[in-house]
Amino acid sequence: MINAIKEKLKESLSSVLPVALIVALLAVTVAPVDSGIFLSFLAGAALLVFGMALFTLGADSSMLEIGKKAGASLTASKKVWLIAFVSFVIGVIVTVAEPDLQILAAQVEGIGRFTLILSVAAGVGLFLTFAMLRIVFGVSFKIMLAVLYPLAFLLALLFVDKSFWALAFDAGGVTTGPMTVPFIMALGVGVAAIHKGKKGNDSFGLVALSSIGPVIAVLILGMIYSVSGKDLTAAVTVPETTRSVLRQYGAGMIDYAKEVGIALSPILAFFLLFQLFAKAFSRRQFIKVCVGLLYTFAGLTLFLTGANVGFMPVGAKMGETLANIGGGWLLVPVGAAIGYYMVAAEPAVYVLNKEVEHASAGAISAKDMKRGLCAGVSFAVALAFFRILVGFNIMWALIIGYAAALILMIFCPSMFTGIAFDSGGVASGAMVSSFVLPMAKGACAVIAPGQIMTLAFGCVALVALAPLISIQILGVSYKRKTAIYKRTFLNEEDTFVNFEVD
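It should be emphasised that the depicted structure is a prediction, and the values quoted were computed from it without experimental measurement.

Q: Sorry, what's going on with the overall build of the chain here?
A: Along its length, the chain carries 20 helices and 2 strands. The buried share of the chain, reckoned over its 502 residues, is 57%. Once local pairs closer than 6 in sequence are excluded, the contacts in the chain between residues at least 24 apart make up 87%. Entry remark: accessible area of the chain is about 20400 Å², with carbon and sulfur atoms responsible for 68%.

In structure tokens:
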């Protein structure tokens, strides 16, 4: 166990350290911040390292195992109605408790907070059910994407006010975070592993299809409600002393412990009920899962506290400072650098990369996945800040981006397509909403005050879009290299045979 913790700490340190160094370099050069904010940021970085290590250690032994056992047991029952019902329930309970969704809902006026959360949760539950039934009945993942995304865009353009567009696509990104991804990914692996005639790559695509549900759900809300943004940048408290920093972290730790406790309670209840009726875990496995849930609780509490208390204030302040330098154009390269390393610190990205490497038997390494995601998110964050400077409608970027992603499906292997669309959901997590979004809001408050809802919001949607293209390009490259290898191998074999005959 000690060795496992050391390994996780090493992985999380390598992920968080580059971001911390970039921010520290900016803080002592072009974007100075108050000493209290900087001290709070350093403490937040330390909590991110320990929190991410504990979370990933716990996720490996708890949520992933629960999801796999549940998926296998559901499929073994051969009851389609049971698979559909349990999938819907799981989708709803994990989404209602998703911390990233809570953060987004708190920043929206014009819709009741509970109404927004419940609508998004219902969307995830419904589309997770569709995704599970797709595996059971063998429906093409690419066909579903080719139908559902154009449907969402038509709904937005024809019937929904443009003030809802960024919010709707942001909702699709934040709902697939550290709570939902482990469950959804593992559930799909469990179903695909036991369902006869299905290959392991059928497990990919569940996160992608589940992400479409919130988009459509919020667009439907846009046909009923009017919405306006609430600028939360002014609500950030600047700590003046080390005691103030400790007070902030103490209060934040308590708040996020409650939030994570609420998030994990329905998952714990599901686990206990599942064990009661299915008896899927031995006594030793049961204890291991319970310990894993404790690690998950502690890790996610530390992670969210560090991200929100330490990273949010420095993000908002740097956004304001950089916006006042050279007309704000420095935001673009800085955003690209931060985006490249930011996604590496997402816990859900770690879970996805490991699942992909395992399901592909090492053919797709976690290292290659990480590089592809980092490149895509780097471009997305740069584009998000460029959009604030220029002021173009986000729908232009979304339509062009999703059209490119859907066209790439024609040339990309199915596994890579599923992985790419899953990556879009998991790349836009707590780090984006707690650092990039506050930075965008701080910049927008200087460059385009009063347009935060239409210009600052939407950066989550762009981050969710970029991996769809970058990972599929990786897939096309992988397919090409495989074809070249096969041709070379066959030619060598033919030469060898001819030599033997001669």
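Past the structure itself, the notes keep going.
Q: Before we go on, may I ask you to explain a nonpolar patch on the surface in this structure?
A: Together, Leu 154, Leu 157, Leu 158, Phe 159, Ile 220, Met 223, Ile 224, Tyr 225 and Ile 399 give the surface a local cluster of nonpolar side chains, amounting to about 900 Å² of exposed area. Here the element with the most residues in the nonpolar patch is helix α7 (residues 141-159); it accounts for 4 residues. Among the structural elements, Tyr 225 can be located in the loop between α10 (206-222) and β2 (228-229). With relative accessibility at 32%, the residue Tyr 225 sits in the partly exposed group.

Q: So what exactly am I meant to see when it comes to the layout of surface pockets here?
A: Using a probe with the size of a water molecule, rolled over the atoms, empty space left in the structure can be pinpointed. The calculated volume of the second largest pocket comes to roughly 360 Å³. Taken together, 15 residues make up the lining of the second largest pocket; nearest its centre are Val 86, Phe 270, Leu 273, Phe 274 and Phe 277. Of all the elements in the fold, those that place two or more residues in the lining of the second largest pocket are α3 (63-77), α4 (80-96) and α11 (242-278). Considering each element in turn, the lining of the second largest pocket owes the most residues, 7 residues, to α11. Taken together, the residues that form the lining of the second largest pocket break down as 13 nonpolar, 2 polar and no charged.

Q: Before we go on, may I ask you to explain the environment of Ile 22 in this structure?
A: Take Ile 22: it is sitting in helix α1 (residues 2-27). Beyond its immediate sequence surroundings of up to four residues, Ile 22 is in contact with Ala 337, Ile 338 and Tyr 341.

Q: Explain the nonpolar core to me, please; I cannot follow it from the model alone.
A: Nonpolar side chains in soluble globular proteins tend to be buried together. Counting residues in each nonpolar core, the largest one holds 153 residues, and the members touching the most others are Leu 145, Leu 398, Phe 421 and Phe 435. It is helix α12 (residues 283-323) that contributes the most residues to this core, 13 residues altogether. Apart from the residues within four sequence positions on either side, Phe 421 is in contact with Phe 141, Leu 145, Tyr 149, Ala 208, Ala 405, Leu 406, Met 409, Leu 468 and Gln 472.

Q: It is not clear to me how the side chain of Thr 56 should be interpreted in this structure. Could you clarify?
A: With respect to the helices, strands and loops of the structure, Thr 56 is situated in helix α2 (residues 35-61). Within the structure, the side chain of Thr 56 is placed 3.1 Å from the backbone oxygen of Ala 53, a separation counted as a polar contact.

Q: So what exactly am I meant to see when it comes to α4 here?
A: The periodicity of an α-helix, 3.6 residues per turn, causes residues three or four places apart in sequence to face the same way. Under the 1.5 Å per step criterion, the end-to-end length of α4 is 25 Å for 17 residues, consistent within 8% with the ideal 24 Å. Buried within α4 we find Ile 83, Ala 84, Val 86, Ser 87, Ile 90, Gly 91, Val 92, Val 94 and Thr 95.

Q: Can you walk me through the packing of aromatic side chains in this structure?
A: How two aromatic rings sit relative to each other is set out by the distance from centre to centre and by the angle between their planes. Following the criterion strictly, the structure yields 17 aromatic pairs and no others. On the basis of an interplanar angle of 80 degrees and a centroid distance of 5.0 Å, the ring pair of Tyr 340 and Tyr 341 is categorised as edge-to-face. On the basis of relative accessible area, Tyr 341 is assigned to the partly exposed category, the value being 35%. A network of ring pairs unites the aromatic residues Phe 141, Tyr 149, Phe 153, Phe 169, Tyr 402 and Phe 421 as a single cluster. Lying across the ring of Phe 281, Lys 69 places its NZ or CZ 5.7 Å from the centre.

Q: Is there a simple way to think about unusual backbone geometry in this case?
A: Located in the positive-phi region is Lys 279, a residue other than glycine, with phi close to 50 degrees. With respect to the helices and strands, the residue Lys 279 is situated in the loop between α11 and α12.

Q: Which parts of the structure should I look at to understand the packing of α4 against α11?
A: Pairs of packed helices are described in terms of their axes, by the angle between the two and the distance that separates them. Put simply, α4 and α11 touch, their axes get as near as 8 Å, and they point 150 degrees apart. Classified by the angle between their axes, α4 and α11 sit roughly antiparallel to one another. In contact with Val 86, Ile 90, Ile 93 and Val 94 of α4, α11 contributes Pro 266, Ile 267 and Phe 270. Partitioning the contact of α4 with α11 into residue classes produces 7 nonpolar, no polar and no charged.

Q: Help me understand empty space enclosed by the protein in this model?
A: For the structure shown, the criterion picks out 1 cavity of 30 Å³ or more. The calculated volume of the largest cavity comes to roughly 130 Å³. Tyr 149, Gly 172, Ser 211, Tyr 402 and Ala 464 are, among the 15 residues lining the largest cavity, the residues nearest its centre. Those elements that provide at least two residues to the lining of the largest cavity are α8 (165-174), α10, α17 (414-427) and α20 (459-501). Of the residues forming the lining of the largest cavity, the biggest block, 4 residues, is contributed by α10. Of the residues belonging to the lining of the largest cavity, the class tally is 10 nonpolar, 5 polar and no charged.

Q: So what exactly am I meant to see when it comes to the environment of Phe 416 here?
A: Take Phe 416: it is sitting in helix α17. Taking relative accessible area as the criterion, Phe 416 reaches 2% and is therefore assigned buried. In the structure, Phe 416 is positioned 52 residues away from Ile 364 in sequence and 9.1 Å away in space, judged by C-alpha atoms. Sequence-distant contacts of Phe 416, defined by excluding residues within four places in its chain, comprise Ile 364, Ile 471, Gln 472, Leu 474, Gly 475 and Tyr 478.

About the thresholds
Position numbers for residues count from 1 along each chain, tracking the sequence in the order it is written. This being a predicted model, a pLDDT of at least 70 is required before a residue's local features are given, and a value of 80 or more before pairs of side-chain atoms are given or counted; all residues contribute to the totals for chains, interfaces and linings. With hydrogens and water stripped out, all remaining heavy atoms of the structure feed into the side-chain values. Strands are runs of DSSP state E lasting at least two residues, helices are runs of H or I lasting at least four, and both sets are numbered from the N terminus onward. The cut-offs for exposure are 20% and 50% of the maximum accessible area for each residue type, with area from a 1.4 Å probe on protein chains only; residues under the lower value are buried, those over the upper are exposed, and the others partly exposed. Note on contacts: a residue pair is in contact if any heavy atoms of the two residues lie within 4.5 Å. Using a 1.4 Å probe, the Shrake-Rupley method yields the accessible areas, and only the shown protein chains count as cover for residues. Residues enter patches when their relative accessible area tops 30% and they take part in no salt bridge; the joining distance is 9 Å for like charges and 5 Å for the nonpolar side chains Val, Leu, Ile, Met, Phe, Trp and Tyr. We define a salt bridge as a contact between a side-chain nitrogen of Lys or Arg and a carboxyl oxygen of Asp or Glu at a distance within 4 Å. We place a 1 Å grid over just the protein atoms. Points where a 1.4 Å probe fits but has no way out form a cavity, open points with protein on both sides within 12 Å along at least 5 of 7 lines form a pocket, and any residue with an atom within 4 Å of a point lines it. Grid points are joined across faces, edges and corners, and a volume is the space filled by probe spheres set on the points. As a working rule, the residues Ala, Val, Leu, Ile, Met, Phe, Trp, Tyr, Cys and Pro are called nonpolar, Asp, Glu, Lys and Arg charged, and the rest polar, with Gly in that last group. Residues belong to a common nonpolar core when they are buried Ala, Val, Leu, Ile, Met, Phe, Trp, Tyr or Cys residues joined through side-chain atoms within 4.5 Å. Here a polar contact is recorded for every N or O atom pair within 3.5 Å, except that within protein the pair must consist of a potential hydrogen donor and a potential acceptor, and residues adjacent in sequence are included only if both atoms are side-chain atoms. Multiplying one less than the number of residues by 1.5 Å gives the expected span of a helix. When two rings of Phe, Tyr or Trp (its six-membered ring) have centres within 6.5 Å they constitute a pair, described as stacked for plane angles under 30 degrees, edge-to-face for angles over 60, and tilted for the intermediate range. The rule for a charge over a ring is simple: NZ of Lys or CZ of Arg within 6 Å of the ring centre, and within 35 degrees of the ring normal. To get an axis, a line is fitted to the C-alpha atoms, and for a helix only the part in contact is used. The angle between two axes follows their N-to-C directions and goes from 0 to 180 degrees. To sort the angles, those under 35 degrees are grouped as roughly parallel, those over 145 as roughly antiparallel, those from 65 to 115 as roughly perpendicular, and the leftovers as oblique.

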